[in-house]
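Structure at a glance
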Amino acid sequence: MQALPAPGARPPPELDPNGRLPDVDVVIIGGGVNGTGVLRDLSLRGIKAALFERNDIAFGASGNSSGMIHGGPRYLTADPDVTYSSCLDSGHIQRIAPHLLFRIPFLMPVFRGNGVAARVALTAYDAFFSLYDRYQPLKRGKPHVRLTGDEIATLEPGLVGGVHGGVTFDEWGIDGARLCIANVSDARERGGQARTHTTVTQILRRDDGSAYGISYRDRLTGEVGRMTSRLVVNATGAWAPITTGLGGLLPDAARIRPGKGVHVFLDRRLTNYAIITSAVDGRQVFLMPWQNMSVLGTTDDDYYGDLDEVVASEDEVRYLFQAVEGVFPGIRSARAIGTWGGVRPTLWGFGVNEDALSREHQVVDHAAHGADGLYSMIGGKLASYRLFSEEMSDVVAARLDVRVACRTHVSPLPGGEQSVDPMRLVLDGGMEAVTAARLEYRHGGRSLRVLERMQRAPSEAAVVCTCEPVTEAEIRYVVDTELAVNVDDVSRRTRLGLGACGGMRCAARCGRIVADMTGRSPDDGRRMALQFLEGSARRRSAITGPEQARQEALGLAVIRAELGVAASSAGDFEND
Amino acid sequence: MTEGRAQPASVVVVGGGFAGVAAAWAAVRAGAHVTLLHASAGASAWYNGVADGPPLDAEALELAMRLGIAVSARPRPIATREGVIRSVIGRDRALLDLEPLAGLSVAVADVGRDDWDAALLARSYTESAWARRTRTEFVAVRVDALEEGFERRISAYDFGVELDVETRVHALANALRRADGAAKAWLLGPWLGVASDAAPQLAALLSRPVGEVSSAPGGVAGARFELRRDEVLRELGVVLRRAHVTSVESSAAGARLQLGDGSGLAADAVVLALGGVAAGGILLEREPASGRLGFALSLSADVPLKLDAEWLDAGSSVWGPSFVRKGLGALERVGVSADVRGRLSAARLFAAGDCVAGRPRTVLEALSAGLSAGRAAAGSAAGG
Ligand SMILES: Cc1cc2nc3c(=O)[nH]c(=O)nc-3n(C[C@H](O)[C@H](O)[C@H](O)COP(=O)(O)OP(=O)(O)OC[C@H]3O[C@@H](n4cnc5c(N)ncnc54)[C@H](O)[C@@H]3O)c2cc1C
Ligand SMILES: Cc1cc2nc3c(=O)[nH]c(=O)nc-3n(C[C@H](O)[C@H](O)[C@H](O)COP(=O)(O)OP(=O)(O)OC[C@H]3O[C@@H](n4cnc5c(N)ncnc54)[C@H](O)[C@@H]3O)c2cc1C
């Protein structure tokens, strides 16, 4: 681990090489949870920062994780300090964004098999989670419960018979994309800047090697430009080694071991508990109720493919299904409706198998590589993003001699300032109960702003995506205030089009709305809808099974019929 | 089997979509006694009101008309529910034909229903290549057409049913008149009646063109098809039964069908018009214990399936085909292998429509193929 600068460390030059004042104090590369976390932290301290995101906010691991703010029970025996700080930070996140967290009770069943082994295993789990219980109050978690086989059969009737007993423990779930958006929104309200769909193409360095800004290219308009700064933070997760390369550093300056993980999501909540079981190779996998669906995950394999195109493969999907089939046979006839995949930016450790690699994080000071003023954030977890961002921001503040303490653990995120009873949205807005509850989940107190839109323009109360559901007002709100510029972006923020119909009913309309709001043509709107539909179809192709095949075939017919794509023999006026 | 007897040949058609009704029609006209069995809604009952496909012969044209489809010699423009102007050969006659409206201003009725964003749709139509070329304009006009609050949210089908009531059609005509008496033509959402012909009635009441856009799956266009199909079959004297066929066995002597309720049925020839994956005529299965892996017909028959150039016999993966490799489009390319007259390799078995591999998935294709298969089936049954 590199030594971090002490408070009062040598400040970076005041001026850029051309003798001009830099545009901002800090440029942050990457709009995942760590980049957005730093942007918010710096903005709260009054440090002027600008974030560049190549794709969209939460496009990478942060929007494709298992969505758990866990307390790190896996570190309990090896490194209890990690468990302590994880639980503490889980508590902080819960305080600043209470609307975004939902309780997920986990269940670890123990099967009869060899009677003695089962009893021993159960006793061991019981003891282990008694230890974990000590940390639960930090995150308002409930203590674990030891259950008998009969109790489990009642509580989770879908499990196969032969359960000897089991233990439950408490964790929190979160929508990772919403967490990133909340951080960006707060930062922007406090003067921070963020540009999405804008890739950093180069890290600018002085003759002495120090970093003084970046060059960028807007991937939608092609516009290129530069932004100068006193410090540069590389928060590009699994892309980190590529990013340091943009500054002329060797990839091992920010070395990670990229671990791909995929999830399958299934229509509806199939279980009451998140059930943990073992895959054929002994790894733990889970089937968990998450928001309004079930999530099956996850895998962990070295990945050296294209980071902008991480798609679940059939092998990965089948490995997961096979793991769960044995304990929860109903999964066979459940309807898989999508997949997501991300790459973990795990700290590098050669020769260690993927699972044993630590999920710890580290700030790398590239002064050691001749690039003073450039830092990389390596590793980390959703659950520890706030802490990691605080550590990074402390370094930045020290170098810039800004003596303002971190406030990200006490200052609420947007939506967390005020709680709103979804019933109020029903009564005041005429929304249906599910629509209101889902809206409140995503926006917390800010859902009142969406409600205001509907009251101003009643037609915006129309439900566009009926699966989730998502209203026109919410689509317009996220385009107005949350940097969404296409259908994919809207989907990432609202979960539009991710339900059982695969966007067949809502993508085109969403495209019309987004095009209208961003001054683009209806044709552009249709193109972005198709881009979304094709992308999600590609992510679904690995899971197409008996229950979903008919829907897929119907979707193909609808797209051809309504959007005139691959028009039939009769020809199409749009194409002639 | 029937040779030398006065009794007409018997043909059983399995499937109640465009292909099935066409096969029944042709078999009856060829002198056969026809029973049509169908399980549940297929693609035809879910279609959008647009009929693409090859040019039709006189008989097919007659049947298309009976099913409420207006077929034109040249492609003509219609508006889809998703803001596209498409050219089509055939359309449910309630769909507004835009051809005569080129160069005019078309009013798009903004009735305040949740599923109908008239303003953005009007803009989308106006900016289409066709509208720009012909200088046609679409303008959203607010119309007070909802009588109850819930009408804002009910499905297009349910709202369409309300327009089966004559007084309601008159009320809508008045509302349109009030909203803009000078509008040259009205384009409305896909809910102009199911059993009634509300579109032509409105056009007559307002003496100007009035019509709708294409339907969403489960909308009025498919429901109209089902009503008209039943009427056509009744007039033909076809025995229409709702039943799931579980198996078909055939030999040179004839065929035997097994139904879901346990009963059986004999026939001289059988036409399979089962539809594709969207209809449930072809299933994707994963039942290792029964050997059913990958694609299978919805009934058991000695008829192999084909995907692209491959026969899908015994599987090579317990999970079925790889859609990552073949693309989801495989769901529309898979089917049985029939010749141009709809003959399958098994004796006395014929097929038509979406259940046939590698054919375009269109209404007129299903209709034409259904007629050929029906004719051929009746011919074979009569001793051919
Ligand atoms: C399968 C899986 C499951 C996980 N489950 C959990 C969990 O349950 N709980 C938990 O706490 N953690 C979990 N994690 C870990 C956690 O998601 C990640 O550690 C965390 O999201 C990393 O955030 P990040 O901001 O560093 O990287 P990312 O979120 O990957 O963000 C990096 C961003 O940088 C952008 N970028 C790349 N290059 C450039 C460039 N040149 N210019 C501009 N932008 C660029 C990318 O587009 C991307 O958006 C999981 C991870 C995975 C993969
Ligand atoms: C949403 C949508 C939009 C479309 N848009 C267009 C378009 O714009 N233009 C165009 O030309 N075409 C379009 N089509 C395609 C067109 O509708 C179909 O190609 C056509 O309807 C196929 O007719 P079919 O008779 O072959 O099959 P289907 O209509 O699918 O009929 C199959 C029948 O077989 C029955 N069946 C299956 N198995 C059994 C069994 N074991 N026992 C008993 N009965 C059984 C089913 O119940 C059903 O009645 C669209 C289709 C859909 C779904």
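Residues numbered from 1 in each chain as written. Chains lettered and ligands numbered in written order. Predicted model: local features only at pLDDT ≥ 70, side-chain atom pairs only at ≥ 80, totals over all residues. Heavy atoms only, no water.

Focus on the sheet that holds strand β13 (residues 264-267) of chain B
All names here are of chain B. Strand order in the open sheet made by the three strands is β11-β12-β13, with antiparallel pairing throughout. Bordering the open sheet on either side are β11 (245-251) and β13, each of which pairs with just one other strand. The sheet shows a mean angle of 15° between the axes of neighbouring strands, direction not considered. When β11 meets strand β12 (residues 254-259), the two strands line up antiparallel, connected through six bridges. Looking at β12, one finds that Val-248 is bridged to Leu-257. (Pairing = 2+ DSSP bridges. Helix = DSSP H or I, 4+ residues; strand = E, 2+ residues; numbered from the N terminus. Axes fitted to C-alpha atoms, helices over the stretch in contact; angles between N-to-C directions.)

Examining unusual backbone geometry
Residues and elements named next belong to chain A. For the bond running from Gly-297 to Thr-298, omega is -15°, close enough to zero to count as cis. Going from Glu-468 to Pro-469, the amide bond is cis rather than trans, its omega being -5°. Position of Pro-469 relative to the elements: it lies in the loop between β19 (463-465) and β20 (470-471). Residue Ala-58 is not a glycine yet carries a positive backbone phi of 65°.

A word on the packing of helix α1 (residues 33-44) of chain A against helix α5 (residues 176-189) of chain A
All names here are of chain A. Relative orientation of the contacting elements α1 and α5 amounts to 25°, with a least axis distance of 8 Å. When the axes of α1 and α5 are compared, the pair comes out roughly parallel. When you trace α1 past α5, the crossing you get is left-handed. For the pair formed by α1 and α5, the contact residues are Val-33, Thr-36, Gly-37, Leu-39, Arg-40, Ser-43 and Leu-44 on the first element and Leu-179, Cys-180, Asn-183, Val-184, Asp-186 and Ala-187 on the second. (Parallel < 35°, antiparallel > 145°, perpendicular 65-115°, else oblique. Left-handed = near helix turned anticlockwise from the far one by under 90°. Contact = heavy atoms within 4.5 Å.)

A look at the site of ligand 1
All names here are of chain A. If you check the shell around ligand 1, you find 37 residues, and the closest are Asn-34, Glu-53, Ser-62, Met-68 and Ala-383. Leu-382 has a polar backbone atom sitting 2.9 Å from an oxygen atom of ligand 1. When the free accessible area of ligand 1 is taken as 1,000 Å², the share hidden by the protein chains comes to 97%. Of all the elements in the fold, those that place two or more residues in the shell around ligand 1 are α1, β8 (198-205), β11 (256-267) and β16 (336-347). At four residues, β16 tops the list of elements feeding residues into the shell around ligand 1. Tallied by class, the residues present in the shell around ligand 1 amount to 13 nonpolar, 20 polar and four charged. Each of domain 1 (24-61 + 177-255 + 359-399) and domain 2 (103-171 + 257-356) accounts for three or more of the residues forming the shell around ligand 1. (Near = heavy atom within 4 Å. Polar contact = N/O pair within 3.5 Å; in protein donor to acceptor, adjacent residues only side chain to side chain. Areas by Shrake-Rupley, 256 points an atom, 1.4 Å probe, with all protein chains shown as cover. Nonpolar A, V, L, I, M, F, W, Y, C, P; charged D, E, K, R; others polar. Domains from an automatic or database assignment.)

Some words on the interface of chain A and chain B
At the interface, 52 residues of chain A touch 54 residues of chain B. Note on chain A versus chain B: buried area summed over both sides is about 4,400 Å², and carbon and sulfur give 52% of it. The tally of links between chain A and chain B comes to eight salt bridges. One salt bridge in this structure joins B:Arg123 and A:Asp516, with 3.2 Å as the shortest N-O distance. At the junction of chain A and chain B, the tally comes to 20 residue pairs in polar contact (both at pLDDT 80 or more). Among the secondary structure elements, those contributing two or more residues to the side of chain A that touches chain B are α7 (314-325), α14 (507-517), α15 (522-540) and α16 (546-563) of chain A. Per-element tally for the side of chain A that touches chain B: the top contributor is α16(A), with 13 residues. Class assignment for the residues of the side of chain A that touches chain B results in 22 nonpolar, eleven polar and 19 charged. (Buried area = accessible area lost by both parts, 1.4 Å probe. Salt bridge = Lys/Arg side-chain N within 4 Å of Asp/Glu carboxyl O.)

Looking at the domain arrangement of chain A
Residue and element names in this part refer to chain A. If you check the domain split of chain A, you get domain 1 (24-61 + 177-255 + 359-399), domain 2 (103-171 + 257-356), domain 3 (420-457) and domain 4 (462-572). Domain 1 and domain 2 are separated by 33 Å when their C-alpha centres are compared. Of the residues lining the interface, 16 residues belong to domain 1; the matching set on domain 2 comes to eleven residues. Together, the buried faces of domain 1 and domain 2 total about 1,200 Å²; carbon and sulfur atoms form 60% of this surface. Between the two partners, domain 1 and domain 2, sit two salt bridges. Across the pair Arg-219 and Asp-308 runs a salt bridge whose closest N-O atoms are separated by 3.9 Å. Our count for the contact surface shared by domain 1 and domain 2 stands at four residue pairs in polar contact (both at pLDDT 80 or more). Every element with two or more residues in the side of domain 1 that touches domain 2 is listed here: β17 (361-365) and β18 (374-379). Grouping the amino acids of the side of domain 1 that touches domain 2 by side-chain chemistry returns six nonpolar, five polar and five charged.

Some points on the environment of B:Ser214
Along the chain, the position of B:Ser214 falls in the loop between β9 (210-212) and α9 (220-236). Classification of B:Ser214 as buried rests on a relative accessible area of 0%. As a C-alpha pair, B:Ser214 and B:Ala79 span 135 residues in sequence and 6.8 Å in three-dimensional space. When neighbours within four sequence positions are excluded, B:Ser214 is seen to be in contact with A:Glu562, B:Asn48, B:Val50, B:Ala79, B:Thr80, B:Arg81, B:Leu95 and B:Pro190. Looking at B:Ser214, its side chain comes within polar contact range of the side chain of A:Glu562, at 2.7 Å. (Buried < 20%, exposed > 50% of the residue type's maximum accessible area, 1.4 Å probe, protein only.)

A closer look at the site of ligand 2
Taken together, 40 residues are adjacent to ligand 2, and B:Ser40, B:Ala43, B:Ser44, B:Asp52 and B:Ser298 come closest. Around ligand 2, the neighbouring residues derive from chains A and B rather than from a single chain. Contact distances for ligand 2 include 3.3 Å between an oxygen atom and a backbone N or O atom of B:Ala273. Note that an oxygen atom of ligand 2 is positioned 2.9 Å from one of the backbone N or O atoms of B:Val363.

Focus on the nonpolar core
Soluble, globular proteins show a tendency: their nonpolar side chains are buried together. Residues A:Val26, A:Ile28, A:Met288, A:Met392 and A:Val396 are the most contacted members of the largest nonpolar core, which totals 71 residues. Looking at this core, you find at least three residues from each of domain 1 (24-61 + 177-255 + 359-399) and domain 2 (103-171 + 257-356) of chain A. In this structure, A:Ile28 is in contact with A:Gly35, A:Val38, A:Leu39, A:Leu42, A:Ala49, A:Ala50, A:Leu51, A:Phe52, A:Val233 and A:Ala235, ignoring residues within four places of it in sequence. Ranked by size, the runner-up nonpolar core spans 45 residues in total, among them B:Phe18, B:Val21, B:Val232 and B:Ala377. (Core = buried A, V, L, I, M, F, W, Y, C linked by side-chain atoms within 4.5 Å.)

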